[in-house]
Amino acid sequence: QVQLVESGGGLVQAGGSLRLSCAASGRLFSINSMGWYRQAPGKQRELVATITSGTSTNYADSVKGRFTISRDNAKNTVYLQMNSLKPEDTAVYYCNLRNEYPEFRDYWGQGTQVTVSS
């Protein structure tokens, strides 16, 4: 019953910024992690950033210092502020919600395209 709706993707020039949002609805539990993953053509889906209910964060080395993940628990929404974008950031970005308690389960959004031109 969990739905994730992503927004904020688009086309941006190298060095520019985008802000992604993902709103979760449905049967949610308070103890969960939310995050962003991305998949470029011909590549496996990879972790970009995650954030726990306690706001502990984890970033891929490739985006650390450029991207910032945050969440609003009252709105069940996670954000990804992307600065200093590079062409290699081009990918479909997927929102993830991981329920950790009382049951472990992953949910995924449909993805939003981010394209960075050189």
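Note that this is a predicted model, so its numbers are computed, not measured. (Residues numbered from 1 in each chain as written. Predicted model: local features only at pLDDT ≥ 70, side-chain atom pairs only at ≥ 80, totals over all residues. Heavy atoms only, no water.)

Visitor: Is there a simple way to think about the nonpolar core in this case?
Guide: Side chains of a nonpolar character, in soluble globular proteins, are inclined to be buried together. Of all hydrophobic cores here, the largest spans 29 residues; its most connected members are Trp36, Leu80, Met82 and Tyr93. For this core, the secondary-structure elements that each account for two or more residues are β3 (18-25), β4 (31-39), β5 (46-52), β7 (67-72), β8 (77-82), β9 (91-101) and β11 (112-117). (Core = buried A, V, L, I, M, F, W, Y, C linked by side-chain atoms within 4.5 Å. Buried < 20%, exposed > 50% of the residue type's maximum accessible area, 1.4 Å probe, protein only. Helix = DSSP H or I, 4+ residues; strand = E, 2+ residues; numbered from the N terminus.)

Visitor: I'm lost on unusual backbone geometry in this one. Help?
Guide: With glycine set apart, most residues show a phi of negative sign, and most peptide bonds adopt trans. In the segment running from Tyr101 into Pro102, the intervening peptide bond is cis, with an omega of 0°. Of note, Pro102 is situated in the loop between β9 and β10 (105-108). With a phi angle near 70°, Thr55 is a residue other than glycine that sits in the positive phi range.

Visitor: I tried to follow the sheet that holds strand β1 (residues 3-7) on my own but got confused; where do I start?
Guide: Across a sheet, strands are paired by hydrogen bonds formed along the backbone, either parallel or antiparallel in direction. As summarised here, the arrangement of the 4 strands in space is β1-β3-β8-β7, forming an open sheet in which the pairing is antiparallel. Either end of the sheet is taken by a strand with one partner, and the two such strands are β1 and β7. With strand direction ignored, the average angle separating the axes of adjacent strands in the sheet is 15°. With 6 bridges connecting them, β3 and β8 associate as antiparallel partners. (Pairing = 2+ DSSP bridges. Axes fitted to C-alpha atoms, helices over the stretch in contact; angles between N-to-C directions.)

Visitor: What exactly am I supposed to notice about the packing of aromatic side chains here?
Guide: Within a pair of aromatic rings, the relevant descriptors are the distance that separates the centres and the angle that separates the planes. On inspection of all chains with the given rule, the structure shows 1 aromatic pair. Residue placement shows Arg45 over the ring face of Tyr94; its charged tip is 3.7 Å from the ring centre. When the ring centre of Trp108 is taken as reference, the NZ or CZ atom of Arg45 above it lies at 4.8 Å. (Phe/Tyr/Trp six-rings, centres within 6.5 Å; stacked < 30°, edge-to-face > 60°. Lys NZ or Arg CZ within 6 Å of the ring centre and 35° of its normal.)

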